[in-house]
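Residues per chain are reported as follows:
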Amino acid sequence: GAGVSQSPSNKVTEKGKDVELRCDPISGHTALYWYRQRLGQGLEFLIYFQGNSAPDKSGLPSDRFSAERTGESVSTLTIQRTQQEDSAVYLCASSLALRGDEQFFGPGTRLTVL
Amino acid sequence: AQSVTQLDSQVPVFEEAPVELRCNYSSSVSVYLFWYVQYPNQGLQLLLKYLSGSTLVKGINGFEAEFNKSQTSFHLRKPSVHISDTAEYFCAVSLRSGTASKLTFGTGTRLQVTL
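The structure displayed is predicted, hence computed values, not measured ones.

Colleague: Requested: an account of the side chain of B:Lys78, with residues and values cited.
Modeller: Position of B:Lys78 relative to the elements: it lies in strand 9 (residues 73-78). With near-sequence residues (within four places) excluded, B:Lys78 lies in contact with B:Ala17, B:Pro18, B:Val19, B:Asn61, B:Gly62, B:Phe63 and B:Asp85.

This is the structure we're talking about:
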């Protein structure tokens with residue numbers, strides 16, 4: 001079956017503009033995660049969705065970042081008033097609800113803020 | 001809070017030589033342990049994971065890792081590397097309890113295999 005897909009693959013924007021990044025998880029995966037990978041650094045957790053539970057937003061770096069998920073399908077990560085430090089690869093992952101289960105990652109969206 | 005340390009940012013090695021990539025973690029509660037690999041221009045892929053049971057875990061592509069609770073380590077090893085193993089390797093942990101299974105990653109180790 002299809003893996004996790006993300007769009008766009010690349011996004012170049014100007015400082016101060018808003019951007020939306022999209023993630024399509026694997027069908028049947030109830031858990032969905034967003035991570036950020038800045039150049040030369042590891043992946044940072046941003047937000048986690050699990051079924052109908054309230055999302056875990058503990059990793060969002062500022063109130064300019066928000067995310068939504070429609071049921072157990074598509075998720076969008078929105079960054080408002082982008083800053084140069086937001087430049088990174090944004091990765092989405094999905095998994096079954098089982099603790100310790102493998103997270104399957106998408107190819108990422110490379111965001112460049114000029 | 002938990003943290004993961006990968007002391008080596010880069011590891012150069014010749015083809016067919018053995019390799020060990022080091023990973024140490026810190027956590028006040030029990031964790032699950034993972035190694036992910038990111039090949040050039042590709043997404044992350046799970047190499048192996050430790051959930052419970054035998055402390056020696058075997059993964060894909062001939063890699064294995066050993067969980068050492070006393071040293072809070074989960075080092076990755078391969079007895080003989082191939083050019084195709086050139087990639088970025090990430091160690092990660094997730095909590096065994098609580099409501100979230102988010103991963104906490106190390107900063108990665110770039111394995112460069114040459115002839």
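Colleague: Break down the sheet that holds strand 6 (residues 65-69) of chain A for me, citing the residues and quoting the values.
Modeller: All names here are of chain A. Reading across the sheet, the four strands line up as 1-3-7-6 and stay open at both edges, with antiparallel pairing between neighbours. In the strand order of this sheet, the two ends are held by strand 1 (5-7) and strand 6, each with one partner. Each strand of the sheet is rotated relative to its neighbour by a mean of 15 degrees, with strand direction disregarded.

Colleague: Hey, could you go over the state of the cysteines for me, with residue numbers and the actual values?
Modeller: Residue and element names in this part refer to chain A. Within the structure shown, the criterion is met by two disulfides over all chains. With its sulfur 1.8 Å from that of its partner, Cys-23 forms a disulfide with Cys-92. On the sign convention where negative is left-handed, the bridge of Cys-23 and Cys-92, at about -65 degrees about the S-S bond, is left-handed. In this pair, Cys-23 sits in strand 3 (residues 19-24) while Cys-92 sits in strand 8 (residues 88-95), placing the two residues 69 residues apart along the sequence. Grouping residues by exposure puts Cys-23 and Cys-92 together as buried.

Colleague: For the interface of chain B and chain A, give the residues involved together with the corresponding values.
Modeller: It is common to report an interface's size as the accessible area lost on association of the parts. At the junction of the two partners, chain B supplies 22 residues and chain A supplies 18 residues. Between chain B and chain A, roughly 1700 Å² of surface is buried when both sides are summed, and carbon and sulfur atoms account for 52% of that area. Among the residues of chain B in contact with chain A, B:Leu44, B:Ser101 and B:Lys102 are the three that bury the most area, contributing 30% of the side total. At the boundary of chain B and chain A, one finds one salt bridge. A salt bridge links A:Asp56 to B:Lys102; the nearest nitrogen and oxygen atoms lie 3.8 Å apart. At the junction of chain B and chain A, the tally comes to four residue pairs in polar contact (both at pLDDT 80 or more). Contributing elements (two or more residues each) for the side of chain B that touches chain A: strand 5 (31-38), strand 6 (44-50) and strand 10 (87-95) of chain B. It is strand 5 of chain B that contributes the most residues to the side of chain B that touches chain A, four residues altogether. For the side of chain B that touches chain A, a count of residues per class yields eleven nonpolar, eight polar and three charged.

Colleague: Go over the pattern of salt bridges, please, and point to the residues and values.
Modeller: Side chains that differ in sign of charge can pair as their charged atoms come close. Residues and elements named next belong to chain A. Considering all chains together, one arrives at eleven salt bridges over all chains under this definition. Across the pair Arg-22 and Asp-24 runs a salt bridge whose closest N-O atoms are separated by 2.9 Å. A relative accessible area of 38% places Arg-22 in the partly exposed class. In this structure Asp-24 comes out as partly exposed when scored by relative accessible area, which is 24%.

The rules we used
- Residues numbered from 1 in each chain as written.
- Chains lettered and ligands numbered in written order.
- Predicted model: local features only at pLDDT ≥ 70, side-chain atom pairs only at ≥ 80, totals over all residues.
- Heavy atoms only, no water.
- Helix = DSSP H or I, 4+ residues; strand = E, 2+ residues; numbered from the N terminus.
- Contact = heavy atoms within 4.5 Å.
- Pairing = 2+ DSSP bridges.
- Axes fitted to C-alpha atoms, helices over the stretch in contact; angles between N-to-C directions.
- Disulfide = S-S within 2.5 Å.
- Buried < 20%, exposed > 50% of the residue type's maximum accessible area, 1.4 Å probe, protein only.
- Buried area = accessible area lost by both parts, 1.4 Å probe.
- Salt bridge = Lys/Arg side-chain N within 4 Å of Asp/Glu carboxyl O.
- Polar contact = N/O pair within 3.5 Å; in protein donor to acceptor, adjacent residues only side chain to side chain.
- Nonpolar A, V, L, I, M, F, W, Y, C, P; charged D, E, K, R; others polar.

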